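Each chain, written out:
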Amino acid sequence: MSLSNPFNRHSRRGLLIELNPYQILAAGISRMEESPVTLDCAAEFDSHDDAGLRQWLGANFEKQNTWVPVVCGFVPPEGLLQRESIQTRKLAEPSYLENLVREQYKIENPDSWKLATLSPQDGVLVGPEGTQRPALVCGVSHTNVHRVQQRLLDHRLLPYRLEQGILPLLGSIADFKARRDDKRAIVVVVIEHEHTTAYILGKEGVHTPSAVRHGFASIVQAARKEFGLNDAVEIRDRLQLADEELLLRATKFVRAIGRDLKPLVDSYEMTTGQPVGEIYCAYLPPALSWITEPLSQVVGRTPFVMDCAAWLPTVGIQMADGVPAFGSHWLGALSLVAGANLTKPDDLQG
């Protein structure tokens, strides 16, 4: 789901930014509406480090002296993305989708949300034609959208496109696997503080099993016990030091998440007959990338490996000289501009 704000941006420098549960990822776009997209600088910040972002923007965009157009992906704390069987003809009724999300997902005020239905296979908008079919019901509250918009505006960043970041990320991974002719499904995992969300990409498109009741807090709790630490800062720092001692205990730290995730993956295989081969943990910063390996082991699968440097040219993205190589945690941010598609109208516009 995306929201766009058109204005004259010809030949202007712009910004790519992702606001995810762990980090702010930012990269300069040398010229908006140019293909291929050229990224001329990049930086990473902790998720709440707006001061660091402001300083970096001042150093890299100071000569622009104007509002900077920005392509932004964000992960809303109360976002909705669920596979659901819907009666497509009823989409023509204004209350149908609102009543569905109110009843199914306990959203009390759906009229204050931006809602849409997308195809699980290719992500295109599902219209009111046909009878019953599976669809991805996606949504984000106006409150979350306005909060992100205001955060950007406080940095003199003018939203060119504002998008629920998980959607282009899933699209990029599905496209990458199709190019490899990989017939196995893949699990994309988002570990948030109190819960973990899994998206299974397979032959029938996106599947959305129930959320796992354990999140990053369960990893913190296990580390607290294993290392005998009580201070939150000490625990955080210890988890970001992937030495031999930590890696030897890593399986214990992710066991709670993996124990609940494995039956969801096994159930998908039994229901569809399609094997699940890999697991990708989205948004984890480099200091926490060690989580993927033991979690994959607990679930009985292998980590998803992708060479971003080799992938970028295939989707119309290039890096200017001097820009460091992007790690796999940048995949969500880079997916926002994959395909050099900054001028194509979005299916969902605000």
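In the block above lies the structure referred to throughout.
## Quick word on the environment of Ala198
Then, number 1: With respect to the secondary-structure elements, Ala198 resides in strand β11 (residues 196–202).
Then, number 2: Taking the C-alpha atoms as reference, Ala198 lies 9.2 Å from Val265; in sequence the two are 67 residues apart.
Then, number 3: Not counting residues within four places of it along the chain, the set of residues in contact with Ala198 comprises Val187, Val188, His207, Thr208, Pro209 and Leu261.

## Some points on the sheet that holds strand β10 (residues 185–191)
Then, number 1: Overall, mixed pairing links the 5 strands, which are arranged β12-β11-β10-β13-β14 in an open sheet. In this open sheet, the two strands that pair with only one neighbour each are β12 (205–207) and β14 (302–303).
Then, number 2: For β11 and β12, the ladder comprises 3 bridges, and the chain directions are antiparallel. Across the sheet, Leu201 pairs through a bridge with Val206, a residue of β12.
Then, number 3: Set on the sheet, helix α4 (residues 166–179) makes contact with β10, β11, β12 and β13 (276–281); between it and β10 the angle comes to about 155°.
Then, number 4: Packing against the sheet, helix α8 (residues 292–299) makes contact with β10, β13 and β14, and its axis sits at approximately 150° to β13.

## Digging into the packing of helix α7 (residues 244–272) against α8
Helix-helix packing: each pair is described by the crossing angle between the helix axes and the interaxial distance.
Then, number 1: Close contact between α7 and α8 brings their axes to 7 Å; oriented N to C, the two are set at 45°. Judged by the angle between their axes, α7 and α8 are oblique. Of the two elements, α7 crosses α8, and the hand of that crossing is right-handed. Contacts between α7 and α8 involve Ala250, Thr251, Val254, Ile257, Gly258, Arg259, Leu261, Lys262 and Val265 from the former and Pro294, Leu295, Gln297, Val298 and Val299 from the latter.
Then, number 2: Considering only residue class, the contact of α7 with α8 consists of 9 nonpolar, 3 polar and 2 charged.

## A short note on the pattern of salt bridges
Then, number 1: Across all of its chains, the model carries 21 salt bridges by this definition.
Then, number 2: We note a salt bridge from Asp50 to Arg151, for which the minimum N-O separation is 3.0 Å. A residue pair is termed long-range when its members are at least 10 positions apart, and Asp50 in helix α1 (residues 50–61) and Arg151 in helix α3 (residues 142–153) qualify at 101 residues.
Then, number 3: The exposure class of Arg151 is partly exposed, given its relative accessible area of 25%.
Then, number 4: The shortest N-O distance in the salt bridge between Arg301 and Glu269 comes to 2.8 Å. With Arg301 in the loop between α8 and β14 and Glu269 in helix α7, this residue pair connects regions lying 32 residues apart in the sequence.
Then, number 5: For Arg301, a relative accessible area of 11% translates into the label buried.
Then, number 6: Take Glu269: its relative accessible area is 23%, and that puts it in the partly exposed class.

## Details of α8
Then, number 1: Thr292, Pro294, Leu295, Ser296 and Val299 are the residues of α8 that are buried.
Then, number 2: Taken together, the buried residues of α8 touch β10, α7, β13 and β14.
Then, number 3: Just downstream of α8 lies Gly300, where phi reads positive at about 85°.

Parameters at a glance
- Counting of residues starts from 1 at the beginning of each chain's written sequence and follows it residue by residue.
- With the structure being a predicted model, the display of local features is reserved for residues of pLDDT at least 70 and the display and counting of side-chain atom pairs for 80 or more, all residues being used for whole-chain, interface and lining totals.
- Excluding hydrogens and water, the side-chain values take into account all heavy atoms of the structure.
- Comment: elements are numbered from the N terminus, with helices defined as DSSP H or I runs of at least four residues and strands as E runs of at least two.
- Note on definitions: a residue-residue contact is assigned when non-hydrogen atoms from the two residues lie within 4.5 Å.
- By this definition, two strands are paired if DSSP reports at least two bridges between them.
- Inter-axis angles, ranging from 0 to 180 degrees, are taken between N-to-C directions of lines fitted to C-alpha atoms, where helices are fitted over the stretch in contact.
- By definition in this entry, angles of less than 35 degrees are roughly parallel, angles greater than 145 are roughly antiparallel, angles of 65 to 115 are roughly perpendicular, and the rest are oblique.
- Crossing chirality is assigned from the near helix's rotation relative to the far helix, an anticlockwise turn below a right angle marking it left-handed and a clockwise turn marking it right-handed.
- Just so you know the grouping, Ala, Val, Leu, Ile, Met, Phe, Trp, Tyr, Cys and Pro go in nonpolar, Asp, Glu, Lys and Arg go in charged, and all remaining residues, Gly too, go in polar.
- A pairing counts as a salt bridge when a side-chain nitrogen of Lys or Arg comes within 4 Å of a carboxyl oxygen of Asp or Glu.
- Burial status follows relative accessibility: with a 1.4 Å probe on protein chains alone, a residue under 20% of its type maximum counts as buried, one over 50% as exposed, and anything between as partly exposed.

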